[in-house]
Amino acid sequence: TADDIEAQFYDALQTGDIGKLMACWADEDHIVCVHPGGPRLIGSASIRAAFEAMFANGTIAARPEQINKVDSLTSAVHNVIERVALITADSKREALVVATNVYQRTAQGWRMVAHHASPGTAAAHAETHDIPQVLH
(Lines give C-alpha, C1' and ligand atoms only; values in the text may rest on other atoms or scores of the structure.)
Protein backbone atom coordinates (compact mmCIF):
# COMPACT_ATOMS: atom_id res chain seq x y z
CA THR A 1 0.00 0.00 0.00
CA ALA A 2 1.01 3.65 -0.16
CA ASP A 3 1.24 3.53 3.64
CA ASP A 4 3.73 0.64 3.43
CA ILE A 5 5.92 2.51 0.93
CA GLU A 6 5.82 5.63 3.10
CA ALA A 7 6.90 3.63 6.16
CA GLN A 8 9.72 2.04 4.13
CA PHE A 9 10.83 5.48 2.86
CA TYR A 10 11.15 6.96 6.37
CA ASP A 11 12.79 3.78 7.68
CA ALA A 12 15.36 3.98 4.87
CA LEU A 13 16.09 7.61 5.78
CA GLN A 14 16.67 6.66 9.41
CA THR A 15 18.93 3.73 8.55
CA GLY A 16 20.74 5.33 5.60
CA ASP A 17 19.81 2.43 3.30
CA ILE A 18 20.01 3.82 -0.25
CA GLY A 19 18.83 0.55 -1.84
CA LYS A 20 15.74 0.40 0.35
CA LEU A 21 15.07 4.09 -0.22
CA MET A 22 15.32 3.85 -4.02
CA ALA A 23 13.08 0.77 -4.01
CA CYS A 24 10.30 3.11 -2.79
CA TRP A 25 10.46 5.13 -6.00
CA ALA A 26 8.64 4.31 -9.24
CA ASP A 27 10.79 3.23 -12.17
CA GLU A 28 9.76 6.26 -14.25
CA ASP A 29 11.74 9.00 -15.99
CA HIS A 30 9.70 11.82 -14.49
CA ILE A 31 9.78 11.11 -10.76
CA VAL A 32 10.59 14.28 -8.83
CA CYS A 33 12.10 15.23 -5.48
CA VAL A 34 12.57 18.64 -3.88
CA HIS A 35 14.46 18.98 -0.61
CA PRO A 36 14.00 22.08 1.58
CA GLY A 37 15.74 24.96 -0.16
CA GLY A 38 17.06 22.66 -2.89
CA PRO A 39 16.59 22.37 -6.64
CA ARG A 40 13.99 20.20 -8.35
CA LEU A 41 15.51 16.76 -8.98
CA ILE A 42 14.00 14.81 -11.86
CA GLY A 43 14.73 11.13 -12.49
CA SER A 44 16.13 8.36 -10.35
CA ALA A 45 19.81 9.12 -11.02
CA SER A 46 19.63 12.69 -9.66
CA ILE A 47 17.41 11.65 -6.76
CA ARG A 48 19.77 8.81 -5.83
CA ALA A 49 22.82 11.10 -6.02
CA ALA A 50 21.19 13.65 -3.70
CA PHE A 51 20.31 11.02 -1.09
CA GLU A 52 23.76 9.41 -1.36
CA ALA A 53 25.31 12.82 -0.65
CA MET A 54 23.05 13.24 2.38
CA PHE A 55 23.81 9.75 3.68
CA ALA A 56 27.54 10.50 3.36
CA ASN A 57 26.96 12.87 6.30
CA GLY A 58 24.95 10.32 8.29
CA THR A 59 21.39 9.09 8.48
CA ILE A 60 18.32 11.34 8.44
CA ALA A 61 16.27 11.03 11.62
CA ALA A 62 12.94 12.13 10.12
CA ARG A 63 9.59 10.98 11.52
CA PRO A 64 6.30 11.80 9.78
CA GLU A 65 3.51 13.25 11.93
CA GLN A 66 0.06 14.72 11.31
CA ILE A 67 -0.42 12.77 8.11
CA ASN A 68 -3.21 14.12 5.92
CA LYS A 69 -4.19 11.69 3.15
CA VAL A 70 -6.08 11.88 -0.10
CA ASP A 71 -6.27 8.35 -1.50
CA SER A 72 -7.87 6.85 -4.60
CA LEU A 73 -7.65 3.48 -6.33
CA THR A 74 -4.48 4.34 -8.27
CA SER A 75 -2.89 7.28 -6.47
CA ALA A 76 -2.35 8.69 -3.01
CA VAL A 77 -1.18 12.08 -1.77
CA HIS A 78 0.12 12.30 1.79
CA ASN A 79 0.96 15.65 3.36
CA VAL A 80 3.04 15.25 6.51
CA ILE A 81 4.92 17.24 9.07
CA GLU A 82 8.40 15.73 9.33
CA ARG A 83 10.10 16.06 12.71
CA VAL A 84 13.81 15.89 11.95
CA ALA A 85 16.44 15.46 14.68
CA LEU A 86 19.50 17.63 14.09
CA ILE A 87 22.43 16.23 16.03
CA THR A 88 25.71 18.11 16.18
CA ALA A 89 28.75 17.76 18.42
CA ASP A 90 27.33 20.52 20.64
CA SER A 91 23.60 19.84 20.78
CA LYS A 92 20.51 18.02 19.65
CA ARG A 93 17.68 20.06 18.16
CA GLU A 94 14.62 19.37 16.10
CA ALA A 95 13.46 20.94 12.88
CA LEU A 96 10.03 20.77 11.29
CA VAL A 97 9.62 20.13 7.58
CA VAL A 98 6.36 20.18 5.64
CA ALA A 99 6.38 17.45 3.00
CA THR A 100 4.04 16.11 0.36
CA ASN A 101 4.54 12.53 -0.82
CA VAL A 102 2.75 11.34 -3.95
CA TYR A 103 2.30 7.63 -4.68
CA GLN A 104 0.96 5.74 -7.69
CA ARG A 105 -0.05 2.14 -8.09
CA THR A 106 2.31 0.73 -10.73
CA ALA A 107 2.90 -2.71 -12.23
CA GLN A 108 5.41 -3.23 -9.37
CA GLY A 109 2.87 -2.13 -6.73
CA TRP A 110 2.61 1.21 -4.96
CA ARG A 111 5.60 3.50 -5.53
CA MET A 112 6.56 7.08 -4.76
CA VAL A 113 6.51 9.46 -7.74
CA ALA A 114 7.10 12.76 -5.90
CA HIS A 115 8.51 13.99 -2.60
CA HIS A 116 8.39 17.75 -2.06
CA ALA A 117 9.65 19.15 1.24
CA SER A 118 9.75 22.72 2.50
CA PRO A 119 11.20 24.22 5.65
CA GLY A 120 8.61 24.28 8.41
CA THR A 121 8.05 26.50 11.40
CA ALA A 122 6.21 26.08 14.68
CA ALA A 123 3.18 27.41 12.82
CA ALA A 124 3.49 24.46 10.44
CA HIS A 125 2.67 22.18 13.36
CA ALA A 126 -0.63 23.95 13.91
CA GLU A 127 -3.46 22.89 11.67
CA THR A 128 -6.13 25.09 10.17
CA HIS A 129 -9.23 23.81 8.48
CA ASP A 130 -11.56 25.62 6.11
CA ILE A 131 -15.26 25.41 6.72
CA PRO A 132 -16.65 23.07 4.06
CA GLN A 133 -18.66 24.84 1.38
CA VAL A 134 -21.50 23.14 -0.39
CA LEU A 135 -21.81 23.85 -4.09
CA HIS A 136 -25.16 23.33 -5.75
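See the structure printed just above.
Cut-off values and rules
- Residues numbered from 1 in each chain as written.
- Predicted model: local features only at pLDDT ≥ 70, side-chain atom pairs only at ≥ 80, totals over all residues.
- Heavy atoms only, no water.
- Pairing = 2+ DSSP bridges.
- Helix = DSSP H or I, 4+ residues; strand = E, 2+ residues; numbered from the N terminus.
- Core = buried A, V, L, I, M, F, W, Y, C linked by side-chain atoms within 4.5 Å.
- Buried < 20%, exposed > 50% of the residue type's maximum accessible area, 1.4 Å probe, protein only.
- Contact = heavy atoms within 4.5 Å.
- 1 Å grid on protein atoms, 1.4 Å probe; cavity = no way out; pocket = protein on both sides within 12 Å on 5 of 7 lines; lining within 4 Å.
- Points joined across faces, edges and corners; volume = space filled by probe spheres on them.
- Nonpolar A, V, L, I, M, F, W, Y, C, P; charged D, E, K, R; others polar.

Peer 1: Just checking my understanding: could you explain the pairing of strand E6 (residues 109–119) for this structure?
Peer 2: Two faces make up the sheet, and in a regular strand the side chains alternate between them. With 3 bridges joining them, strand E1 (residues 32–34) and E6 adopt parallel strand pairing. Looking at E6, one finds that valine 32 is bridged to alanine 114. Where strand E5 (residues 92–106) and E6 come together, 10 bridges link them in antiparallel fashion. Each bridged residue has a counterpart across the sheet, and for glutamine 104 the counterpart in E6 is arginine 111.

Peer 1: Could you clarify how one ought to interpret the nonpolar core in this entry?
Peer 2: For soluble globular proteins, nonpolar side chains are generally found buried alongside one another. With 31 residues, the main nonpolar core has Phe9, Leu13, Leu21, Trp25, Ile47 and Phe51 as its most contacted residues. At the level of elements, helix H1 (2–15), helix H2 (18–22), helix H3 (44–55), strand E4 (75–87), E5 and E6 are the ones that each hand at least two residues to this core. Beyond its immediate chain neighbours, meaning those up to four positions away, leucine 13 contacts Leu21, Phe51, Phe55, Thr59, Ile60 and Ala62.

Peer 1: What's the story with the layout of surface pockets in this structure? I'm lost.
Peer 2: By rolling a water-sized probe across the atoms, one finds the places where empty space is left. Considering only enclosed or pocket space, the largest pocket measures out at about 440 Å³ in volume. Lining the largest pocket are 20 residues, and of these Met54, Thr59, Ile60, Ala61 and Val84 sit closest to its centre. When contributions to the lining of the largest pocket are tallied by element, the ones reaching two or more residues are H1, H3, strand E3 (61–71), E4 and E6. In terms of residue class, the lining of the largest pocket is built from 14 nonpolar, 5 polar and 1 charged.

Peer 1: So what exactly am I meant to see when it comes to the environment of alanine 12 here?
Peer 2: Note on placement: alanine 12 falls in helix H1. Note on alanine 12: relative accessible area 0%, which makes it buried. For the pair alanine 12 and threonine 59, spaced 47 residues apart in the sequence, the C-alpha separation amounts to 8.7 Å. If sequence neighbours within four positions are ignored, alanine 12 has contacts with Asp17, Lys20, Leu21 and Phe55.

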